[in-house]
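Observations on the three-dimensional arrangement
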Amino acid sequence: MRAQGVLRETIAARDASDAELLRVHTPPYLELVERETSAAQTPRYLSTGDAVVDARSLAAARRAAGGAVAAMEAAVEENASVFALIRPPGHHAEPDRGMGFCLFNNIAVAARAFLASHGGRVLVVDFDYHHGNGTQAVAGDGLSYVGTHAAPAYPGTGGGEPNETQRGSDVIANVPLPVGGIATERFVSIWDALLPRIAAQVRPDLILVSAGFDYVAGDPVGDLGIGVEAASALGERIAAVAAEYCKNRVVYVLEGGYDLDALTESIARIAAASDASR
Ligand SMILES: [Zn+2]
């Protein structure tokens, strides 16, 4: 990305504080992560799920969650799109359960940080191959969630048919996609219809995007047969909705995407689409 000129302006990440993490996670879970990672002199699975950790994992996960918060603060300050290039990912992490490579739910931590300081409503847009079970679990209290996901596939949540529910005045909307794959145009057209409709219901003050690119054809973990060009369309649609409702404020938070070339190309396309809308 640096070679392609995508990283023109960079912002330093920082560590998330306990208080920021505890807006999403429970105190016993934070203690569990601290205890199990510090004891892991060799890589092992976290006891709550399929996330491999070692003694460095807590520092990495704290920095990732704090990076999402720093990106949120910059997006709000500058009324712009900011992309948090962080790992480990977060959208599978539930309040008391790390799983699916995720320790802390980075996007939820950023969303709660925004709501704590600004109030209002946020919309999480999740186009990762996998359902964001952790984010959906903490929806409500100002946080709405809309996503596409492969079904049936890991982690098994999100439903096998399109579904939409209210949690208080917030919305949870899921559109499952066939694991056998879907045409790029069809994927884009689903989001063309879905995003404006849900945004009109939520009227968000901030959009946060669980930006996972494991839907791209050839991804070794996901793969819905979708072309990298889909990221341009997604970026344009998200920018248009952000211009309408929330002063262009968008926080992209990296989730999955395990083919590095496709990941680089996809993020470059998101950046170009965001630039074009300014
Ligand atoms: Zn994924």
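Everything here concerns the structure above.
Side note on the side chain of Ser 274
- Considering the arrangement of structural elements, one finds Ser 274 in helix H8 (residues 260-276).
- The class of Ser 274 is buried, set by a relative accessible area of 9%.
- Excluding residues that lie within four positions of it along the chain, Ser 274 makes contacts with Ser 81 and Tyr 252.

A word on the coordination of the zinc ion
- Looking at the zinc ion, the protein donor atoms are Asp 128 (OD), His 130 (ND1) and Asp 214 (OD), and they sit 2.0 to 2.1 Å from it.
- Positions of the donor residues of the zinc ion along the chain correspond to the pattern D-x1-H-x83-D. Here Asp 128 matches His 130 in class, with each residue buried.

Thoughts on the environment of Thr 165
- Following the sequence through the fold, Thr 165 ends up in strand S6 (residues 163-167).
- Among all residues touching Thr 165, those that are not within four sequence positions of it are Asp 170, Val 171 and Ile 172.

Thoughts on the packing of aromatic side chains
- One pass over the structure, following the stated rule, counts seven aromatic pairs.
- Taking 5.9 Å as the distance between ring centres and 85 degrees as the angle between the ring planes, the aromatic pair formed by Phe 101 and Tyr 258 counts as edge-to-face. Note that Phe 101 is positioned in the loop between strand S3 (81-84) and helix H4 (106-118) and Tyr 258 in the loop between strand S9 (250-254) and H8, a separation of 157 residues in sequence.
- Accessibility expressed as a relative area gives 26% for Tyr 258, which makes it partly exposed.
- Ring centres 6.0 Å apart and planes at 80 degrees place the aromatic pair Phe 127 and Tyr 215 in the edge-to-face group. A residue pair is termed long-range when its members are at least 10 positions apart, and Phe 127 in the loop between strand S4 (122-126) and helix H5 (133-137) and Tyr 215 in the loop between strand S8 (206-211) and helix H7 (230-245) qualify at 88 residues.
- The exposure class assigned to Phe 127 is buried, which follows from its relative accessible area of 1%.
- By relative accessible area, which is 0% here, Tyr 215 ends up buried.

Remarks on the pairing of S6
- Relative to strand S7 (residues 170-178), S6 runs antiparallel, the two being bridged by five bridges. Residue pairing in the sheet places Thr 165 in a bridge with Ile 172 of S7.
- Joining the antiparallel neighbours S6 and S7 is a turn of two residues, in which Gly 168 adopts a positive phi near 65 degrees.

Looking at the packing of helix H6 (residues 184-202) against H7
- For the pair H6 and H7, the least separation of the axes is 10 Å and the interaxial angle reads 10 degrees. By the angle class used here, H6 and H7 are roughly parallel. Seen from above, H6 lies across H7 with right-handed handedness. Contacts between H6 and H7 involve Thr 184, Phe 187, Val 188, Trp 191, Asp 192, Leu 195, Pro 196, Ala 199 and Ala 200 from the first element and Ala 230, Ala 233, Leu 234, Arg 237, Ile 238, Val 241 and Tyr 245 from the second.
- Taken together, the residues that form the contact of H6 with H7 break down as 13 nonpolar, one polar and two charged.

Comments concerning the packing of H7 against H8
- The geometry of H7 relative to H8 is characterised by a closest axis approach of 8 Å and an angle of 35 degrees between their N-to-C directions. Crossing handedness for the pair H7 and H8: right-handed. Of the residues in H8, those touching H7 at Ala 231, Ser 232, Gly 235 and Glu 236 are Ser 266, Arg 269, Ile 270 and Ala 273.
- Here the contact of H7 with H8 is built from residues that sort into three nonpolar, three polar and two charged.

As for the pattern of salt bridges
- For the structure shown, the criterion picks out 13 salt bridges.
- The partner of Glu 94 in a salt bridge is Arg 97, with the nearest N and O atoms 3.3 Å apart.
- The buried category is assigned to Glu 94, whose relative accessible area is 16%.
- Using a relative accessible area of 33% as the deciding quantity, one classes Arg 97 as partly exposed.

How each quantity is defined
- Residues numbered from 1 in each chain as written.
- Predicted model: local features only at pLDDT ≥ 70, side-chain atom pairs only at ≥ 80, totals over all residues.
- Heavy atoms only, no water.
- Helix = DSSP H or I, 4+ residues; strand = E, 2+ residues; numbered from the N terminus.
- Buried < 20%, exposed > 50% of the residue type's maximum accessible area, 1.4 Å probe, protein only.
- Contact = heavy atoms within 4.5 Å.
- Donors = N, O, S within 2.8 Å, 3.2 Å for Na, K, Ca; no water.
- Phe/Tyr/Trp six-rings, centres within 6.5 Å; stacked < 30°, edge-to-face > 60°.
- Pairing = 2+ DSSP bridges.
- Axes fitted to C-alpha atoms, helices over the stretch in contact; angles between N-to-C directions.
- Parallel < 35°, antiparallel > 145°, perpendicular 65-115°, else oblique.
- Left-handed = near helix turned anticlockwise from the far one by under 90°.
- Nonpolar A, V, L, I, M, F, W, Y, C, P; charged D, E, K, R; others polar.
- Salt bridge = Lys/Arg side-chain N within 4 Å of Asp/Glu carboxyl O.

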